Structure formats: C-alpha cells, structure tokens
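# Observations on the three-dimensional arrangement
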Amino acid sequence: EEVEGEVFKQVVEIITEQAANELSAGRDVLVMTSRPLVTAATPELTLELSQRVSQALVQVVQGLGVRPSFIIAKGGITSSDTATKGLGVKQAKIIGQAA
C-alpha cells in the first residue's frame, strides 16, 4: 500500500510537470484516462480506484502553476471534481452537449 501510494504520487508529479512545461511553452495539453472501464476485484475496490483517478486529475490541475486557457471534460464526477476541486469553480453555465 505504501509503495503503491508513492508510485501514485510520482506518476502525478511527472504528469503535472510535463503538462506545466508544455502549457508554459504555449502548447495545448491532453491529459486523459483510459476509456474502457477499469474494474477491481470488488465493487468497493472499483469505486476506490475511480476515486483515486479523479484525485490524480485534480492534483494535476492544482499543481500546474499555470492556468490553462481551456479544459475539455466529458462530464461526470471526475469532470465535476476537476472543475470544483481542481480549479475552484463555484458556478458554471452549461450550454449543452459538445457532440
């Protein structure tokens, strides 16, 4: 568990640094998760895994040091966490689906 937590932290740090460097250079950045649902041995562990992924994306956004010009998110809890916890968004206007 402790080793797994350290690896998780290192991966988040690497992604954050790479994304911040690219954004600082004026380039667009894509940080994404896998599209197929990744499941664990039990529903409880699957929920824990999805919460850790959401936590990682929030940590990346919080750690950028540069605010992106835009963020595209597909919706759902992870997108909500990224906006509210990662960017501190308190209110948003939903225009409609992008596609």
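Residues numbered from 1 in each chain as written. Predicted model: local features only at pLDDT ≥ 70, side-chain atom pairs only at ≥ 80, totals over all residues. Heavy atoms only, no water.

### Points about a nonpolar patch on the surface
To keep things clear, this is the line we draw: Patch definition: residues with relative accessible area over 30% and no salt bridge; like charges joined within 9 Å; nonpolar side chains (Val, Leu, Ile, Met, Phe, Trp, Tyr) joined within 5 Å. To measure how exposed things are, a 1.4 Å probe is used in the Shrake-Rupley method; for residues, cover is taken only from the protein chains shown. Salt bridges, as used here, are contacts in which a Lys or Arg side-chain nitrogen is within 4 Å of a carboxyl oxygen on Asp or Glu. Each helix is a run of DSSP H or I of at least 4 residues and each strand a run of E of at least 2, with the numbering of both proceeding from the N terminus. A 1.4 Å probe rolled over the protein chains alone gives each residue an accessible area, and that area as a share of the maximum for its type sets the label: buried under 20%, exposed over 50%, partly exposed in between.
Residues V7, V11, I15, V29 and V31 make up a contiguous nonpolar surface patch of roughly 330 Å² in combined accessible area. When you line up the elements, V11 lands in helix α1 (residues 2-24). Take V11: its relative accessible area is 41%, and that puts it in the partly exposed class.

### Focus: the nonpolar core
The line we're drawing: By nonpolar core is meant a set of buried Ala, Val, Leu, Ile, Met, Phe, Trp, Tyr and Cys residues that side-chain atoms within 4.5 Å join together. Note on contacts: a residue pair is in contact if any heavy atoms of the two residues lie within 4.5 Å.
Judged by nonpolar contacts, F8, V12, A19, A20, L23, A56, V60 and L64 together constitute the single largest core of eight residues. Mapped onto this core, the elements with two or more residues apiece are α1 and α2 (43-63). If you tally residues by element for this core, the top one is α1, at five residues. Beyond its immediate chain neighbours, meaning those up to four positions away, V12 contacts A56, Q59 and V60.

### What to know about the layout of surface pockets
The criterion, for reference: Here a cavity means grid points, on a 1 Å grid over the protein atoms only, where a 1.4 Å probe fits yet cannot get out; a pocket means an open set of points with protein on both sides within 12 Å along at least five of seven lines; lining residues are those with an atom within 4 Å of a point. Grid points are joined across faces, edges and corners, and a volume is the space filled by probe spheres set on the points. By the convention adopted, Pro, Cys, Tyr, Trp, Phe, Met, Ile, Leu, Val and Ala count as nonpolar, Lys, Arg, Asp and Glu as charged, and the other residues, Gly among them, as polar.
The space that makes up the largest pocket amounts to roughly 1300 Å³. In terms of lining, the largest pocket is formed by 42 residues, of which the most central are V31, M32, T33, L57 and T78. Looking at the lining of the largest pocket, the elements with two or more residues in it are α1, α2 and α3 (77-86). A total of 10 residues in the lining of the largest pocket trace back to one element, the largest contributor, which is α2. The residue inventory of the lining of the largest pocket, partitioned by class, reads 23 nonpolar, 13 polar and six charged.

### Observations concerning the packing of α2 against α3
As a reminder of what qualifies: Between the N-to-C directions of two axes lies an angle of 0 to 180 degrees, each axis being a line fitted to C-alpha atoms and, for a helix, fitted only over the stretch in contact. For any helix crossing, the convention is left-handed if the near helix is rotated counterclockwise from the far helix by under a right angle, and right-handed if that rotation is clockwise.
Relative orientation of the contacting elements α2 and α3 amounts to 35°, with a least axis distance of 9 Å. Regarding α2 and α3, the two cross each other, and that crossing is right-handed. On α3, the residues touching S54, L57, V58, V61 and Q62 of α2 are T78, D81, T82, K85 and G86. Broken down by class, the residue content of the contact of α2 with α3 amounts to three nonpolar, five polar and two charged.

### Re the packing of aromatic side chains
Formally: Any two rings among Phe, Tyr and Trp, with Trp reduced to its six-membered ring, count as a pair given centres within 6.5 Å; such a pair is stacked if its planes are under 30 degrees apart, edge-to-face if over 60, and tilted if neither. By definition here, charges over rings are those cases where NZ of Lys or CZ of Arg is within 6 Å of the ring centre and within 35 degrees of the ring normal.
Scanning the model with the defined rule gives zero aromatic pairs in all. Seen from the ring of F8, R52 lies directly overhead, with NZ or CZ sitting 4.4 Å from the centre.

### Examining α3
Put simply, the test is: The arc in question is the one traced by the directions running from the helix axis out to the C-beta atoms.
Within the span of α3, buried status applies to S79, D81, T82 and G86. All buried residues of α3 fall inside an arc of 160° around its axis, so they share one side. Away from its buried face, by an angle of more than 90 degrees, α3 presents the exposed residues I77 and K85. Those residues of α3 hidden inside the fold are in contact with α2.

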